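Structural characterization, general
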Amino acid sequence: MASPAQPASAPSLLSDLLLLQFRRDDSESNNQQLYRLIRDGILQEILPPGLRLPSSRQLADELGVARNTVLHTYERLAAEGYVSAGVGRGTFVLDTRPDRLHG
């Protein structure tokens with residue numbers, strides 16, 4: 001009997017989302033584009049609550065951008081309540097559904 005399918009890992013979910021849509025030659029800055037793509041993925045629940053995002057170094061390497069680009073994006077997402085981040089503990093998607101924010 002086959003084992004049940006395992007959910008996709010954070011790196012593959014985020015990488016799939018970003019590698020399909022991120023364009024380094026776009027007129028939108030790398031910072032803004034990365035922020036928008038991750039935020040939209042969270043809001044559309046493509047990146048579900050509790051999902052651990054890849055490290056800033058790993059994501060920067062995969063996308064071919066500066067690590068500071070990813071760090072600034074993660075910091076902005078944290079400041080706006082989309083993720084929870086801590087040095088050495090990782091960055092996790094928060095539950096942003098309206099019924100969870102005020103309940």
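Computed from a predicted model, the values in this text were never measured in an experiment. (Residues numbered from 1 in each chain as written. Predicted model: local features only at pLDDT ≥ 70, side-chain atom pairs only at ≥ 80, totals over all residues. Heavy atoms only, no water.)

Our next topic: helix H4 (residues 67-79). In a regular helix each residue adds 1.5 Å, so 13 residues correspond to 18 Å; H4 covers 18 Å between its end C-alpha atoms and thus fits that length. Looking only at H4, the buried set comprises Thr69, Val70, Thr73, Tyr74 and Leu77. Each buried residue of H4 sits inside an arc of 125° when the element is viewed along its axis, so together they form one side. More than 90 degrees from the buried face of H4, the exposed residues found are Glu75 and Ala79. Positioned one or two residues after H4, glycine 81 has a phi angle of 85°, which is positive. (Helix = DSSP H or I, 4+ residues; strand = E, 2+ residues; numbered from the N terminus. Expected span 1.5 Å × (residues − 1). Buried < 20%, exposed > 50% of the residue type's maximum accessible area, 1.4 Å probe, protein only. Arc of directions from axis to C-beta.)

Inspection of every chain in the model, using the stated rule, returns 0 aromatic pairs. Here arginine 76 stacks its cationic end above the ring of tyrosine 35, 3.6 Å away from the centre of that ring. (Phe/Tyr/Trp six-rings, centres within 6.5 Å; stacked < 30°, edge-to-face > 60°. Lys NZ or Arg CZ within 6 Å of the ring centre and 35° of its normal.)

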